[in-house]
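So the chains spell out like this:
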Amino acid sequence: TVIISTDISIVENPFKGLRPFEQSDAADFFGRQALVDQLLIRLASNGTQQRFLALIGPSGSGKSSVVKAGLIPALRTGQLPGSENWFTVEMVPGPEPFRELEAALQRVAVNPIPDIFARLTADRMGLSAVAERILPQDHQTRLLLFIDQFEEAFTQVESETERKRFLDSISAAVTQTSGRLLVVITLRADFYDRPLLYEEFGALVRECAEVILPLTTQELQLAIRNPAERVGLFVEPELVTMIVSDVNQQPGALPMLQYALTEVFEHRDGRRLTLESYSKVGGLTASLGRRAEEVYLSLAPDRQELARQLFLRLIILDDETEAVRRRLNWSVLTSLTKDTAAIEEIRDTFVKYRLLTADRDPKTRETTIEVAHEALLREWERLVNWLNTSREDVQMQRRLQTVSAEWQKSGKNPGYLLTSTRLIQFEEWSTVASLQLTQDEREFLRASANERQTQQAREAARLAREKTLERRTLRWLRGIVVILSLAALIASILARFALDQREAADDRWRTLRILSRTDQANLALNDNDPELALALAFSIDGKPASFPLQTQQMFYQAAYAPGTSLVFDKHDDALLGVAVSPDGKLAASGSGRLNPLGPIVDNSIRVWNIATGEEIYNLDATSGGHTDTVTGVAFSPDGRLLASSSIDKTIILWDVETGTVIRRLQGHEDWVNRVIFTPDGRTLVSGSGNFLITAIPIPGLGTRDTSVRVWDVESGQEIGQLGNSEEGHKNPIMGLTMSADGTRVASGDTNGLIILWDLASGKEIHRMESPGDWVSSLSFTPDGSALLSALGKPSIGGSGATSTLMVMWDTQTGQKVREFIGHTNVVTAVAVSPDGRTALTGSADYTLRLWDLES
């Protein structure tokens with residue numbers, strides 16, 4: 001149809017500038033008929049290709065336009081059987097893809113259902129189930145879901161968990177053979193590798209991808225000439241030839257083509273689109289950049305700087321791909337300045353010339369703004385220079401925006417604030433950055449600085465209390481010296497009157513002196529000063545073998561105590577689990593009540609900077625952490641994850657960099673006492689059981705769960721259990737370790753049973769027993785040929801300690817090799833040296849012992 005107006009001034013502009021073609025623009029969409037036909041053939045085929053289609057092409061290749069102005073109108077005219085009755089809905093992923101999906105489906109819901117979001121996120125079949133519910137119950141009508149700019153799922157979605165759940169939801173929906181949902185996505189070619197990182201969705205993209213190729217010469221001629229002729233315009237043949245030549249030399253040039261033709265239309269000669277007008281506007285490559293520069297220079301100087309701030313906020317930069325545009329709510333941009341009128345003027349000016357586009361958020365209905373097309377990011381030289389000079393500032397601002405948003409979402413929980421070196425880094429950056437901060441970002445930095453001052457004040461108060469205690473201790477020691485001096489004087493006087501008691505008196509005096517030095521040395525040890533303790537110990541005359549038992553114990557404790565480099569003392573309860581990151585830079589500690597029957601004081605996990613001794617963050621119940629005592633912590637082999645176990649029957653996986661919960665593993669029916677990673681970091685193994693019931697038997701209660709469970713780290717799902725209720729442990733598991741090659745797991749319980757398992761099959765290899773003992777710790781030798789167990793039942797509820805030894809077992813035969821005897825109380829921990837020649841044991845007798853395993 002040709003539309004000719006007699007008034008040249010009101011002739012419709014058939015060209016679209018930077019915006020993509022919409023369904024209403026189908027009459028002006030030319031040059032892609034062959035591609036549209038190919039897409040229809042794919043959707044008419046059998047199998048998954050009938051329900052999923054991925055259009056992949058470079059930025060500016062016209063992906064969105066092909067679907068909106070080509071494929072969807074073709075379906076609406078019934079070019080596939082029954083397609084004229086299909087429902088069609090569009091969306092882009094954005095930062096919260098399930099919210100965008102909810103808003104899109106509500107727009108076409110024939111049968112509205114409550115709380116679509118909850119249903120979509122309930123499980124991986126949520127999208128399929130919701131699509132089926134909202135459609136007419138004729139089982140014939142279908143729903144086409146078009147997800148444009150699918151790369152946003154990888155650039156704007158911060159949560160890896162939510163991204164994977166979104167991809168899995170699509171995969172599950174389109175692989176349903178009886179489903180009525182079709183999904184079409186458009187994806188930039190430089191992001192093609194991102195979906196391939198996800199096994200199921202990647203396979204779907206590989207199988208159902210359609211690559212968008214450049215227009216042929218004939219197709220380009222149709223795209224230039226036919227829209228103009230439809231509204232009664234004449235296009236000079238020389239203009240067509242020149243534009244075709246220019247486009248053939250420019251990849252992804254279709255948006256620039258449309259923009260250049262829009263500019264030529266504005267400068268037309270009556271009804272003629274001429275080569276002269278094309279030259280005036282700068283041709284294909286210069287027209288877009290020239291117009292953007294003209295608009296920018298038309299602004300006042302203060303407006304120009306605000307425009308720079310606005311554009312840099314609308315772009316995502318990383319080290320792997322080209323710059324990507326992003327949508328932002330208008331309220332974020334207005335918080336950059338108090339001059340609302342100025343920034344609104346900038347927005348309206350750039351929107352007028354189609355360089356920015358305004359829309360509304362489907363959930364909040366708030367105005368959104370974004371760059372009209374990514375071609376502007378390449379063709380506007382000034383913007384390219386801004387990106388090159390501000391890359392680090394933009395990336396830092398995005399990181400600050402992320403942690404600030406998490407703090408806001410948490411209800412401004414102090415646990416989400418910046419601490420230590422991260423806070424210093426952002427503070428220093430904010431003083432020199434060329435980017436202005438929003439009100440939320442400024443508030444977040446102020447709150448972090450205020451929390452640091454509060455912590456420093458608490459630390460100063462703690463040091464003052466320690467100083468006071470130190471002075472009191474010194475006065476007490478001086479009093480002891482006076483008392484001992486008086487005792488020595490009395491002993492001397494008595495010796496004169498009882499020569500026959502001289503030797504006995506001398507012995508008592510010597511003992512008092514030894515005990516005095518012992519007390520002083522113990523005080524030094526309590527003050528974390530092993531060097532002073534050793535000096536006091538070696539000042540005692542005589543042979544250690546003749547010293548009292550407590551003095552001998554002090555000698556061992558002082559001799560094996562390491563020199564203290566740092567003290568980490570912010571926990572308010574006993575530390576039951578510690579771990580060091582693989583790179584040695586971080587330490588993690590978990591705490592809780594030492595007496596399981598006592599009150600909960602501090603069930604937190606704290607992560608420390610080993611170099612400075614500063615706490616990086618505190619992970620407690622307010623941060624989504626455990627609600628009861630933390631029994632163990634472990635870093636993943638790559639140092640990116642931290643696993644924690646607890647009496648609250650759960651395991652939590654934490655992101656080490658941000659201190660946020662990744663997922664919570666639930667399945668144990670009783671306390672989780674131990675958790676370890678496999679060497680490849682893909683699997684977790686945990687052991688459980690209520691050891692309080694074993695130590696203090698409660699009639700009729702029994703133990704509920706004494707299992708060893710295996711978990712998939714990526715999904716958080718339980719893979720299986722080692723053994724079963726008949727084959728496995730009947731008592732709580734307190735010892736758990738893994739061989740260096742990750743093929744075998746050893747578990748030990750509170751009745752002395754050790755089971756060696758094959759991790760792959762979950763089958764028992766050997767069963768090693770020391771009945772009545774408590775296996776508190778296990779450790780493989782590096783080559784896996786032997787297993788060391790620390791034995792001994794602690795005194796709980798009045799029961800006395802049992803074994804006080806370490807046992808070596810042969811892992812090939814399951815037989816006991818030898819026992820190591822020397823401790824005077826239960827052995828609580830064992831570790832083997834990297835060369836496998838020595839072992840270190842810790843005991844409740846306050847000593848560490850180093851053993852030669854070969855002798």
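Coordinates for the structure precede this section.
Procedures and definitions
Residues numbered from 1 in each chain as written. Predicted model: local features only at pLDDT ≥ 70, side-chain atom pairs only at ≥ 80, totals over all residues. Heavy atoms only, no water. Helix = DSSP H or I, 4+ residues; strand = E, 2+ residues; numbered from the N terminus. Contact = heavy atoms within 4.5 Å. Areas by Shrake-Rupley, 256 points an atom, 1.4 Å probe, with all protein chains shown as cover. Buried < 20%, exposed > 50% of the residue type's maximum accessible area, 1.4 Å probe, protein only. Pairing = 2+ DSSP bridges. Axes fitted to C-alpha atoms, helices over the stretch in contact; angles between N-to-C directions. Salt bridge = Lys/Arg side-chain N within 4 Å of Asp/Glu carboxyl O. Core = buried A, V, L, I, M, F, W, Y, C linked by side-chain atoms within 4.5 Å. 1 Å grid on protein atoms, 1.4 Å probe; cavity = no way out; pocket = protein on both sides within 12 Å on 5 of 7 lines; lining within 4 Å. Points joined across faces, edges and corners; volume = space filled by probe spheres on them. Nonpolar A, V, L, I, M, F, W, Y, C, P; charged D, E, K, R; others polar.

Asks: If you had to explain the overall build of the chain to someone new, which residues and values would you point to?
Replies: When its secondary structure is counted, the chain shows 24 helices and 35 strands. Once local pairs closer than 6 in sequence are excluded, the contacts in the chain between residues at least 24 apart make up 61%. If you sum the accessible surface of the chain, you get close to 39,600 Å²; carbon and sulfur atoms cover 51% of it.

Asks: Break down the pairing of strand 15 (residues 605-609) for me, with residues and values.
Replies: Burial runs high along strand 15: five of the five residues are buried. Neither face of strand 15 is left uncovered, since the one carrying Ile605, Val607 and Asn609 and the one carrying Arg606 and Trp608 both have all their residues buried. Note: strand 15 against strand 16 (residues 615-619), four bridges, orientation antiparallel. Paired with valine 607 across the strands is tyrosine 617, a residue of strand 16. Between strand 15 and strand 16, which pair antiparallel one after the other, the connecting turn spans five residues, and glycine 613 there sits at a positive phi close to 80 degrees.

Asks: Any details on the sheet that holds strand 17 (residues 630-635)? Residues and values, ideally.
Replies: Taken in spatial order, the four strands of this open sheet run 17-18-19-20, and their pairing is antiparallel. Of all strands in the sheet, those bounded by a partner on one side alone are strand 17 and strand 20 (660-666). For this sheet, the mean inter-axis angle between neighbouring strands, taken without regard to orientation, is 20 degrees. Sheet analysis places strand 17 next to strand 18 (residues 641-646), joined by five bridges and oriented antiparallel. The residue bridging valine 633 from the neighbouring strand is serine 644, located in strand 18.

Asks: Summarise the pattern of salt bridges; cite the residues concerned and give the values.
Replies: If charged atoms from side chains of opposite charge come close, those side chains can pair. All told, the structure shown has 30 salt bridges when counted by the stated rule. We note a salt bridge from aspartate 25 to lysine 16, for which the minimum N-O separation is 3.4 Å. Owing to a relative accessible area of 4%, lysine 16 belongs among the buried residues under this scheme. One salt bridge connects arginine 124 with glutamate 200, and the closest N-O pair in it is separated by 2.6 Å. Pair noted here: arginine 124 is in the loop between helix 4 (116-122) and helix 5 (126-134) and glutamate 200 is in helix 8 (residues 199-207), with a separation of 76 residues, a long-range link. Residues participating in the shared-partner salt-bridge network are Glu12, Lys16, Asp25, Asp28 and Arg230.

Asks: I'd like a description of the nonpolar core, backed by residues and values.
Replies: Core analysis: the biggest nonpolar cluster contains 43 residues, and Phe52, Phe150 and Phe201 have the highest contact counts within it. Ignoring any residue separated from it by four or fewer positions in sequence, one finds phenylalanine 52 in contact with Ile170, Val174, Val183, Ile185, Phe201, Leu204, Val205 and Cys208. By size, the runner-up hydrophobic cluster in this structure holds 39 residues, among which are Ala342, Leu355, Ala372 and Ala375.

Asks: Tell me about empty space enclosed by the protein, residues and numbers included.
Replies: Within this structure, the stated rule accounts for three cavities of 30 Å³ or more. In this model, the largest cavity occupies a volume close to 180 Å³. If you trace the largest cavity, you find 16 residues lining it, with Gly415, Tyr416, Leu417, Arg422 and Thr658 closest to the centre. Of all the elements in the fold, those that place two or more residues in the lining of the largest cavity are helix 18 (381-409), helix 19 (420-432) and strand 16. By residue number, the principal contributor to the lining of the largest cavity is strand 16, which donates three residues. When grouped by side-chain class, the residues that make up the lining of the largest cavity number seven nonpolar, seven polar and two charged.

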